[in-house]
Amino acid sequence: MACVSTCLLISPRLTQSELSSKKPSIRLRSPFPSGKLTERSPSRRRKFNNRRISVVRAASIDNKLTGGAIRPGGLVESDKIPTDVRKRAMEAVDECGRRVTVGDVASRAGLNVTQAQTALQALAADTDGFLEVSDEGDVLYVFPRDYRSKLATKSLRVQIEPFLEKAKGAADYLTRVSFGTALIASIVIVYTTIIVLISSRSEDDNRQRRRGRGYDSGFNFYINPIDLFWYWDPNYYRRRRAREDEGKGMNFIESVFSFVFGDGDPNQGIEEERWQMIGRYITSRGGVVAADELAPYLDVSSSKSAMSDESYILPVLLRFDGQPELDDEGNILYRFPSLQRTASGSGRRKEYVGKWFDFVADMEKFFKEKKWQFSKTSSSERALVVGLGAFNLFGVIVLNSLLKEMAVTPSGFLTFVKNIYPLLQVYAGSFFAIPVIRWFSIKRKNDQIENRNKARLQFARALESPDIALRRKLLSARDMAQNTVIGKERIVYTTDKDMIEQDYEAEEWDRRFREVEKSD
């Protein structure tokens, strides 16, 4: 089977002898689904041949643009694209049954058209995928069932990515538990030093008795080393998910980090979800939409000036290769040609069911951001963390005065504590300073998120009960919509077969055309 990389190296100047020794990759099929000839056959034949020439020229152009880099046995092209783009493209390919157009991947993965096309070309070149061209010139990418395993075999980067993700997870875990462990270590160091300094003030007892009384002054702080090993659990994330599923809270070490630094951005990765929602919506509406339809998924102010200005749709036009058009009444609509062609079998869904405006199934009516949480810890866990933090801060303050009035010459352990005392101060102060700053920051962020969510909800409600002007605009967009499903019966070229074999089929079609012309 000839692959995409072979197709990209085709030259239209090959001689017949060169053709017999090569396996270029274009397959010619009947442009008529039923194989029957009609009265318009001669014109369709000329159109068919013109498209065939265009595809060969496009293959040569693609080869020049890539610099001939896509060659069998050469570099792994998929390694040149970002990991996130490659994974999202592969997920979209799997969802569509491994036969896709650029628009399918762009809408389902939320990628811009250029990213989707680059990813598909790279994946096809590395996994022995092939191209299909429809009778209207649409290019489809077809991948074998085992294309993931083929890519993993060729790409060292794909092979080591799982290990890098595990290493990153371990580093994140170490960072999380180290801050909580530092609190315990700080309390132990601070109060041990306080006990030593207080015991050194007694001049009536000998050194041995002072040492003994120092360690038996009624203050007992015991940590089982086994507990520390349990806190530094390498299976942290798996155990944490299990505890969350069972409704259990965090352990103490996790609670300390959560109280000080929080639990991360609740909207992490939500931008990708936003673009996937927008792509799905445009596709479900036949590739033609009004700006008002996309407002519930974008960041738009609810003010009257913002509602009249449709500049907020520019990022969508750039990402999905859209263009503005005017309808008969002068309304501005937006067409996305790349999203109007699909290889999947599902056509555009019916609208006007129930309410006048029917939203896309299995998709939210508007894009809703999640609000930030100060901490996911329970009230009892926060009380314990705050209590220990205050206990540590009090000890640091007391230790400061004791170090200034120290009656003995520092040596050994006391010298070590005196040297690291600035770090103990920074830790004790930041333990409460960081949460306070974070609280004000979260409050400001949540106010902004709430305003954006309210504005999107307002646009969504306007679509459910549109006024006359908006209703006419939406009806015009539906009339201009077009969603073409490219089935296998419409394929006229494929890189799955050699050119010589397909040239024979072309000659056979020419012969049949001549016979029909003679019979007429």
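If you're wondering where the values come from, they're calculated on a predicted model, not measured in any experiment.

Participant: Is there a simple way to explain the confidence of the model for the protein chain in this structure?
Facilitator: Parts of the model with low pLDDT should not have their predicted coordinates read in detail. Chain-level pLDDT for the protein chain is 75 on average; 66% of the residues reach the 70-or-more range. At the low end of the mean pLDDT range in the protein chain sits helix 2 (residues 16-21), at 40; at the high end sits strand 6 (residues 332-335), at 94. In this model residues 1-49 is a low-confidence stretch, pLDDT under 50, and it forms 114 contacts with partners more than four residues away in sequence or in other chains. Taken as a whole, residues 51-73 scores under 50 in pLDDT and shows 31 contacts with residues more than four places along the chain or in a different chain.

Participant: What is the right way to look at the UniProt feature "transmembrane region" (unreviewed entry) in the protein chain in this model?
Facilitator: In the numbering used here, UniProt assigns the feature "transmembrane region" (unreviewed entry) to residues 177-200, 383-403 and 423-442. Here residues 383-403 runs as 100% helix and 0% strand, with 30 Å between its end C-alpha atoms. Helix and strand shares over residues 423-442 are 100% and 0% respectively, and the end C-alpha atoms of the span are 27 Å apart.

Participant: Looking at this model, I keep getting lost on the packing of helix 12 (residues 252-261) against helix 18 (residues 413-464). Mind explaining?
Facilitator: When two helices pack together, their arrangement is given by the angle between the helix axes and by the axis-to-axis distance. For the pair helix 12 and helix 18, interaxial distance at closest approach is 7 Å and the crossing angle is 50°. Between helix 12 and helix 18, the interaxial angle falls into the category oblique. Between helix 12 and helix 18, the contacting residues are V256, S258, F259, V260 and F261 on the first element and S430, F431, I434, P435 and R438 on the second. By residue class, the composition of the contact of helix 12 with helix 18 is seven nonpolar, two polar and one charged.

Participant: Would you mind showing me how to read the environment of F394 here?
Facilitator: Relative to the elements of secondary structure, F394 occurs in helix 17 (residues 379-404). F394 sits in the exposed class, given a relative accessible area of 52%. Separated by 207 residues in sequence, F394 and I187 have C-alpha atoms that sit 10.0 Å apart.

Criteria and thresholds
- Residues numbered from 1 in each chain as written.
- Predicted model: local features only at pLDDT ≥ 70, side-chain atom pairs only at ≥ 80, totals over all residues.
- Heavy atoms only, no water.
- pLDDT = per-residue confidence, 0-100.
- Helix = DSSP H or I, 4+ residues; strand = E, 2+ residues; numbered from the N terminus.
- Contact = heavy atoms within 4.5 Å.
- UniProt positions renumbered as here; feature names shortened; annotations may be inferred.
- Axes fitted to C-alpha atoms, helices over the stretch in contact; angles between N-to-C directions.
- Parallel < 35°, antiparallel > 145°, perpendicular 65-115°, else oblique.
- Nonpolar A, V, L, I, M, F, W, Y, C, P; charged D, E, K, R; others polar.
- Buried < 20%, exposed > 50% of the residue type's maximum accessible area, 1.4 Å probe, protein only.

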